[in-house]
Amino acid sequence: MTIKPFAEMTEGDYAALGFKSGLEIHQQLLTEKKLFCRCPAARYSDHFDAEILRHMRPTLSELGEYDGTALMEFKTRKEIIYQIQRDTVCTYEMDDTPPFALNSEALDIALEIGMMYGCSMVDEIHIARKQYLDGSIPTGFQRTTIVGVSGSIPYKNRQIGILQLGLEEDACREVSDAGHRRVYLTDRLGMPLVETVTAPDMRTPQEVAEVGEILRKLVRSTGKVRTGGGAARQDVNVSVAGGTRIEIKGVPRIPNIPLLTYNEAMRQYNLLLLRDELHQRGITATTFATKTETVTKLLRKTRYQPIRNAIADGLVVNCVLLRGFHGLLRWKTQTDTFFSREISDRVRVVACLTTLPNIIHSDSPSETLSSSEWQTLRKSLGAGDEDTLVAVWGSTQDAATGASEIVIRAREASIGVPSETRQALLDGTNGFERILPGPDRMYPDTDLPPLRITGERLQRLRASVPEPYWERERRYREMGVPDDLVPSLSISPYAALFARAVETMHVPAVLAAETLVHFPKRVRKRLRRHTAFAIELLEEVLRAISDGTLAREGIPGVLMAVAEGTTLQRGELPPPCQPGQLHAIIEECRAELATTRMRCQGKANEYFMGIIMRRVRGRIPGRIVAEQIGLIASEAHQ
Ligand SMILES: [Zn+2]
């Protein structure tokens, strides 16, 4: 069986593959402060006051073993630089002070979200440490806690399990990662986020995206989570029958999920076929044979530029023989991607040979070494026609690490799909990120005592848990809210205000929805920037509508003025224009028109309308003006 193109795959095809997928959604919470210190949250800036340099070193776990990820990170010998700004980071984030008490605002939001999922809520909060060895958290671990377990959300005609809901701190933002140096900005570090882990209940890539969308809307409907770039990030777990659970990290947008998961399913399937092919050739983890030689001298005169430059710079070239692998580096793994990429990725990440190409191989000899150079290498390593050669270049140490990673990854091919985390790439494929951490990645944190969650606290929070957004959507439609406003309003932080406007201020539902969703959107579009309107401000606007001091036509102008920095003064709002006043204004304008020489008589009416609207815009609907001056038929006479 070969895998069909993405667009042609059916549910049945995915079932035949044994496709299974689950989501881990990270969503930042809308709190003022960070989770375990009192630094401000979400104050992002590229500016920094100081840099701190750290090296990561693995320590033996209590069981006396090194974690696979820890070893991998150690092999990379990375220098980690933290850029810190005095306003957004304190000594807690840099591991010089113990944690402060857990941010109770964040905990309340997390508990509320847990209740939306129908989770069993924990009665005591225990903080754990989750190892993070890539340097993205200076302490080497993330403080995390489970808030609820065993929830579910409805989807199609079934339930999608929510395995657990965690509350944890965000990591640093990566600035750059090249060679042996990785740079992080620390402003995001320590911000509270919730992690929603679903069961692997999704059976097609489309289902994964749809469930992701439902979860995104659900948490947003609380009005207490952050929105915008980077505020929500998805990790997607994918496996196929016989494959391995692979985690694709940091998918920035839900619409990217279907193609990414399809490609990962294809990769696993093709890696399993590759394993079968190796077994047929008699290659298993035990019979796997290899040999590495330093071949710098043999390639002194090469015209292949990357190696020529490397040798000129005093670097060395190592060549790895993979016995019996002929043709397999060209084995297709994902769309336009081959097994050689799996090897190149490992070399890039672990040996830090980040300039591409970082390997060449004899299965694609063209445009690299000349055939006589390949011949020389074959002879030197004792390679036959059925074997493959892979060359890697760098400093003595990096080229040695590179060669050993080539061997490790090639041997893994005879076992199947290695456990690793992978990063989402823009073209819908994915690349190796790191070895999957071992099960002993979590351990208790004893810096903070357990925190009891009282029944009263849960009860108080339960009152503010919003109804599911799909219920809201149904109700809004019944109230006559236009279809295009329903989805935004149902997950809007203004949803509660909408309810108040309609129920207690008696603003018509359509007008309230326009005020809260449509007009703000129009202002943002006009100004081409994101503009947040405070709930208090919009409440004032709705009150002005309710007591008759602001007409529908005046709303965009008021919002625009506020967006441009004017403070809203209710007393200063232009009062609605009464029909009697309009009559007087029309007469004044008619007099003005009489003294104006019109070059084009055909435009006279338009001009007339224009000068009247200049005086009454926002105070009375243009339709009434048009009726009054006879441009359109009055409804009263129809
Ligand atoms: Zn801090």
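A few points on the structure. All values derive from a computational prediction rather than experimental measurement.

### Side note on the layout of surface pockets
A water-sized probe, rolled over the atoms, reveals where empty space remains.
Reasoning step 1: Considered as a void within the structure, the second largest pocket measures approximately 1,100 Å³ in volume.
Reasoning step 2: Contributing elements (two or more residues each) for the lining of the second largest pocket: α13 (495–503) and α14 (509–527).
Reasoning step 3: Class assignment of the residues belonging to the lining of the second largest pocket gives a composition of 18 nonpolar, ten polar and eight charged.

### Some points on the coordination of the zinc ion
Reasoning step 1: Only Cys37 (SG), Cys39 (SG), Cys90 (SG), Glu93 (OE) and Glu93 (OE) from the protein coordinate the zinc ion, and they sit 2.2 to 2.6 Å from it.
Reasoning step 2: Read in sequence order, the donor residues for the zinc ion give the motif C-x1-C-x50-C-x2-E. Note on accessibility: Cys37 and Cys39 belong to one class, buried.

### Section: unusual backbone geometry
Reasoning step 1: Leu356 connects to Pro357 through a cis peptide bond whose omega is -5°.
Reasoning step 2: Its location among the elements puts Pro357 in the loop between α7 (339–350) and β18 (359–361).
Reasoning step 3: Positive phi, close to 60°, is recorded for Ala42, a residue that is not glycine.
Reasoning step 4: In this fold, Ala42 is placed in the loop between β1 (20–28) and β2 (50–55).
Reasoning step 5: Using a relative accessible area of 26% as the deciding quantity, one classes Ala42 as partly exposed.
Reasoning step 6: Look at Lys156: it is not a glycine, yet its phi comes out positive at around 45°.
Reasoning step 7: The residue Lys156 is located in the loop between β7 (141–155) and β8 (158–169) in this model.

### Let's talk about empty space enclosed by the protein
Reasoning step 1: A complete count under the given rule lists four cavities of 30 Å³ or more for this structure.
Reasoning step 2: Put simply, the largest cavity is a space of about 50 Å³.
Reasoning step 3: In this structure, the largest cavity is lined by Tyr92, Glu93, Ile137, Pro138, Thr139, Arg143, Glu169, Leu189 and Gly190.
Reasoning step 4: Across the lining of the largest cavity, the residue classes break down as four nonpolar, two polar and three charged.

### Observations regarding the nonpolar core
Reasoning step 1: With 88 residues, the main nonpolar core has Leu23, Leu111, Ile113, Tyr117, Ile153, Leu167 and Phe325 as its most contacted residues.
Reasoning step 2: Broken down by element, this core gets its largest block of residues, ten residues, from helix α5 (residues 257–280).
Reasoning step 3: Once you skip the residues sitting within four places of it in the chain, Phe325 turns out to touch Leu278, Arg281, Ile283, Phe288, Phe339, Asp363, Glu386, Asp387, Thr388 and Ala410.
Reasoning step 4: Core analysis: the second largest hydrophobic core is formed by 35 residues, Val486, Leu489, Ala495 and Ile545 among them.

### Quick notes on helix α18 (residues 604–616)
Reasoning step 1: Its 13 residues place the ends of α18 19 Å apart at the C-alpha level, agreeing with the 18 Å of an ideal helix rising 1.5 Å per residue.
Reasoning step 2: Buried residues of α18: Ala604, Phe608, Met609, Ile611, Ile612, Met613 and Val616, and no others.
Reasoning step 3: Looking at the buried positions of α18, the neighbouring elements they touch are α17 (579–594) and α19 (622–628).

Parameters at a glance
Residues numbered from 1 in each chain as written. Predicted model: local features only at pLDDT ≥ 70, side-chain atom pairs only at ≥ 80, totals over all residues. Heavy atoms only, no water. 1 Å grid on protein atoms, 1.4 Å probe; cavity = no way out; pocket = protein on both sides within 12 Å on 5 of 7 lines; lining within 4 Å. Points joined across faces, edges and corners; volume = space filled by probe spheres on them. Helix = DSSP H or I, 4+ residues; strand = E, 2+ residues; numbered from the N terminus. Nonpolar A, V, L, I, M, F, W, Y, C, P; charged D, E, K, R; others polar. Donors = N, O, S within 2.8 Å, 3.2 Å for Na, K, Ca; no water. Buried < 20%, exposed > 50% of the residue type's maximum accessible area, 1.4 Å probe, protein only. Core = buried A, V, L, I, M, F, W, Y, C linked by side-chain atoms within 4.5 Å. Contact = heavy atoms within 4.5 Å. Expected span 1.5 Å × (residues − 1).

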